[in-house]
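Report on the structure
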Amino acid sequence: MSKFILEMQNITKEFPGVKALDNVNLQVKRGEIHALVGENGAGKSTLMKVLSGVYPHGSYEGSILFEGQECQFKNIKESEELGIVIIHQELALSPYLSIAENIFLGNERHSGKVIKWQETFSESKKLLERVGLKDSPETAVMNIGVGKQQLVEIAKALSKNVKLLILDEPTAALNETDSENLLKLLLDLKKQGISSILISHKLNEVSAVSDSITVLRDGQTIETMDTSVERASEERIIKGMVGRELTSRFPDRNPNIGDVLFEVKNWNVYHPQHSDRKVIDNVNIHIKRGEIVGIAGLMGAGRTEFAMSMFGKTYGNKISGELYKNGQQVQANTVSQAIEAGIAYVSEDRKTYGLNLIDDIKHNITLSNLKRISKNTVVNENQEIVEAQGLREKLNIKTPSIQQVVGNLSGGNQQKVVLSKWIFTEPDVLILDEPTRGIDVGAKFEIYTQINELAEQGLAVLVISSELPEVLGLSDRIYVMNEGRITGELMRDEANQENVMRYMTGAGGTSHADNR
Amino acid sequence: MQTIVNLFRNNMREYGMVIALILITGLFFFLSDGVNLKPLNLTNLILQNGFILVLAVGMVLVIITGNIDLSVGSVVAIIGAIAGVLIINMNVPVWAAVVIALVAGALIGVWQGFWIAYVGIPSFIVTLAGMLIFRGLTLYLLDGQSLAPFPDSFQKISSGFIPDLFGSGGLHITTMVLSIILSVVLVYLEFNKRKTQIQYQFTVMPLWVTLVKLVALILVINWFAYQLALNKGIPTVLIIVFVLIIAYTFIMKNTVMGRHIYATGGNKKAADLSGIKTKRVVFWVFVNNGVLAALAGLMFAARLNSATPAAGNMLELDAIAAVFIGGASMAGGVGTVIGSIVGGLVMGVMNNGMSLISIGIDWQQFIKGMVLLIAVGFDVYNKNKG
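Values in this document were obtained by computation on a predicted structure and should not be read as measured data. Position numbers for residues start from 1 in each chain and track the written sequence from start to end. Chain letters start at A and ligand numbers start at 1, both assigned in the order the entries are written. Only residues with pLDDT of 70 or above have their local features reported here, since the model is predicted, and side-chain atom pairs are shown and tallied only from 80 upward, although totals for entire chains, interfaces and linings are computed over all residues.

**Considering the overall build of chain A**
Which entries qualify depends on this criterion: Each helix is a run of H or I in the DSSP string that is no shorter than four residues. Each strand is a run of E no shorter than two, and both are numbered from the N terminus. Just to be clear, the radius of gyration here is over C-alpha atoms, and the globule rule we use is 2.2 Å times residues to the power 0.38. As a rule, residues whose C-beta atom has 12 or fewer other C-beta atoms within 10 Å are exposed, those with 20 or more are buried, and those in between are partly exposed; C-beta atoms are placed from the backbone.
The secondary structure content of chain A amounts to 17 helices and 24 strands. By the compact-globule yardstick of 24 Å for 516 residues, chain A fits well, its C-alpha radius of gyration being 25 Å. Within chain A, the proportion of its 516 residues that are buried is 47%.

**Examining the overall build of chain B**
Spelled out, the test is: Any two residues are considered in contact once their C-beta atoms, placed from the backbone, lie within 7 Å.
Within chain B, the regular secondary structure consists of 16 helices and zero strands. Counting only C-alpha atoms, chain B reaches 65 × 60 × 40 Å along its principal axes. Out of the 386 residues in chain B, the part that is buried amounts to 42%. Pairs at least 24 apart in sequence give 80% of the contacts found in chain B among residues at least 6 apart.

**Focus: the nonpolar core**
Our working rule: One nonpolar core equals one set of buried Ala, Val, Leu, Ile, Met, Phe, Trp, Tyr and Cys residues connected by C-beta atoms within 7 Å.
Within the largest apolar cluster, 240 residues are counted, with the highest numbers of intra-cluster contacts made by Val461 of chain A together with Leu55, Ala56 and Leu298 of chain B. No other element matches the 18 residues that helix H13 (residues 278–304) of chain B contributes to this core. When sequence neighbours within four positions are dropped, the list of residues in contact with valine 461 of chain A reads Ile292, Val293, Leu430, Leu432, Ile451, Leu454 and Ala455 of chain A.

**Comments concerning the domain arrangement of chain A**
Here is the rule we go by: Throughout the structure description, domain borders are defined by an automatic or database domain assignment.
You can read the domains of chain A as domain 1 (4–83 + 163–242), domain 2 (96–160), domain 3 (256–342 + 427–516) and domain 4 (352–426). Taking only C-alpha atoms into account, the centre of domain 1 of chain A sits 43 Å from that of domain 4 of chain A.

**Focus on the sheet that holds strand S10 (residues 195–199) of chain A**
Across a sheet, strands are paired by hydrogen bonds formed along the backbone, either parallel or antiparallel in direction. Residues and elements named next belong to chain A. Counted only if it meets this: Pairing between strands is defined by DSSP: at least two bridges between them are needed. Axis angles are defined between N-to-C directions and span 0 to 180 degrees, where every axis is a line fitted to C-alpha atoms and, for a helix, only to the segment in contact.
In spatial order, the strands read S6-S9-S10-S3-S11-S12; together these six strands make up an open sheet with mixed pairing. Each edge of the sheet is formed by a strand with only one pairing partner; in this case those strands are strand S6 (84–87) and strand S12 (220–226). On average, each strand axis in the sheet is tilted by 15° relative to the strand beside it, whichever way the strands run. In this structure, S6 lies alongside strand S9 (residues 164–168), joined through four bridges in parallel fashion. Opposite isoleucine 86, over in S9, you have isoleucine 166 as the bridge partner. Strands in contact with helix H8 (residues 234–242) are strand S3 (33–37), strand S11 (212–217) and S12; relative to S11, the strand with the most contacts, it is inclined by about 30°.

**Details of the packing of helix H3 (residues 39–64) of chain B against helix H10 (residues 236–254) of chain B**
Residues and elements named next belong to chain B. Rule in force here: Our angle categories are set so that under 35 degrees counts as roughly parallel, over 145 as roughly antiparallel, 65 to 115 as roughly perpendicular, and the remainder as oblique. Crossing handedness: left-handed means the near helix sits turned counterclockwise from the far one by under a right angle, and right-handed means the same turn made clockwise. Note on residue categories: nonpolar means Ala, Val, Leu, Ile, Met, Phe, Trp, Tyr, Cys or Pro, charged means Asp, Glu, Lys or Arg, and polar means any other residue, Gly included.
The contact between H3 and H10 brings their axes to 9 Å, and the two run at 25°. Regarding the angle of H3 to H10, the classification is roughly parallel. Along this stretch, H3 crosses H10, giving a crossing that reads as left-handed. Note on element contacts: H10 touches H3 through Val237, Leu238, Ile240, Val241, Leu244 and Tyr248, opposite Ile46, Leu47, Gly50, Leu53, Val54 and Val57. Residues belonging to the contact of H3 with H10 are distributed by class as follows: 11 nonpolar, one polar and no charged.

**Quick word on the interface of chain B and chain A**
In this complex, chain B contributes 19 residues to the contact, which on the side of chain A involves 24 residues. Elements with a contribution of two residues or more to the side of chain B that touches chain A: helix H11 (256–266) and helix H12 (268–272) of chain B. The leading source of residues in the side of chain B that touches chain A is H11 of chain B, at six residues. Across the side of chain B that touches chain A, the residue classes break down as eight nonpolar, eight polar and three charged.

Laid out in structure tokens, this is it:
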């Protein structure tokens, strides 16, 4: 028997136009915790989907050896049969079913067509003991917290005789105590001989529990560090994650920055469902006229939640804090108030929150500010055409006509329509959430150019992005967020990938003064 | 030639139903030996279907917001009952009773709109409950009996005709004058639109296509008016329906409210984040539907000349079918007033034609069901293909 439980060799996976994985190699030793780290979009999730059979054999190149056997999974079921179980960041539990039912979902204890409830509950109890969960197996899953749900997922994996457990950002939604418990459990399982792959952005956790670390960057394996002998420092890991040259993917710009235009003071937001969970913790930021301010942070840091809570309180509850524009306090309790106050928010998810995909370009562009082209509530369609046509030319939306249905446009063009829509509201403060997600390099450059131009016109621009190079390339100043708090503030010339990443992962140290 | 092919391809939905309407009319013309296009029958066609068209106008707005209203049949019944009790039992003047009935319709809309928009109960459930609630209240109000007859002035709502100002006894001159005025207005509007399109450098249809379309339209309108003029002229019902079509087409196409209704149905989350008060939009659409259902209820009671407990049974299904045949989408965001009217006419012409050639009620239901299925199936097929 080889010492590796899993060997993935030269895995290459292409999507139309993108090489998501390029000759990736991953070797996991028997009975170790193997961490997989990399920036958002580095290819971690894709690699795990290849491994678990979400992308079936044949849709990728390369080979997978599990316990020395070549595997050609056609679906998740086949990989689970061999003992490879993946637990996704968004838990796959059915909220109305009990813990026991969830554990054996799709894998029911039965004779004939009839469920054996006795066995279901007694086995659940044993599994729950193994993961250290004391709740009754009859409790409905929606009545237990996220931390416990995570444990139920692991119990479910154990019920399938898991040999290799894959955890995708298991602690992203957990508080510190729950995270610690989970990591302890991983170490326990390791003693029981279960190997695991841990995908995490929290480098302190990675460095604490892992035996080896593989770094992915841009779909390629950068290195694998053996840390069972000597612990890798977070610095060391970060260096591997970001060691990339910034080329001139960003248009030149001479910022002309004025006085403070927009200010957020003592902003606190609680989770809409779990009302005791603080999502945004006392955030204070300001943006000056003509300034582009970036917010960097990992998934789950609370950036989108922060933006949406400011924009008409469209996220969260028990929101407290003040917004100031030009030194005057403004109210933005509803979206129309926010628009009225000159705030615009371009959502990270243009299809769900940005566009009416079945309507045409001009109607989408004018929707948020129909007032501008109407008199006594009657829309002047000729003026609408002129305005929409103007924005189409300005932003270079590539389409034969503004009558085109938005759903038929490419991602880049759709993004330009959303941007046009919010430019049309004539905002003073423009919040852009992932402005270039899922669009090609050419369209990205065009959107960056527009953002620069808007700042030039004197707008205060706030850019939220998961792509570090984007934040670094665009921003005059960067706030870094971690777990709902601002953990760092860096000027353009002092920011680099290493120090931003350090604040992002909560390893900043100095800015943790308010970490009670 | 290419432009014309494209024109048809891009407007399959709209033209498809009009062509179907023409084909169905032609089929029954053939089957009924021309009886279905006789003056008397054309008048009857309008009188029989007026209230369904009114219901369809209200229903299409509801369906565009992504909701449904199953209660309109029962609303028709209860409004008839209210009018009956007020006019026949309590001797309230007709005009006052009409106003009270329309307000009652609005209140029904407020009631249902509240549960749907602000409490968040699915419209299917709320209006299913409404269907039972209002039918029950109708039975209570009428004590299970029919109330009849209504005074003449009330019956005029559905059996009246516009007066002939140039009354000579023979041909109804006013009708012809109105029809010619309408033709002139149509020509003006079409050329005005064309001018604007050229001004904004849109591709315009070749002139001869516009002309052919206009000539055909004007011929149909004037021939239709002539047939009506041979009988008793334009029925009041046609005036009501015509005004509603113009008003609601304008609202849906040219006003902020209309845009908000389409946006709410097209993508509610995006509409919310665009500053549209989607709850308020849905609420008012239901209030509006209540008023229009009340109007249809009055027309229905006037036509029957009685308020009966079973009035309007299954009418909601006719209205919903008209809207979907007219190209609206179950998911919301799609649909037009004029499409729903054409859908309603398809159903109406079939009902009328099948009665003329004495097809039994059993096969009538069957055929109507098949037409609905095929019309929507055609839409879905086109969408998947495109």
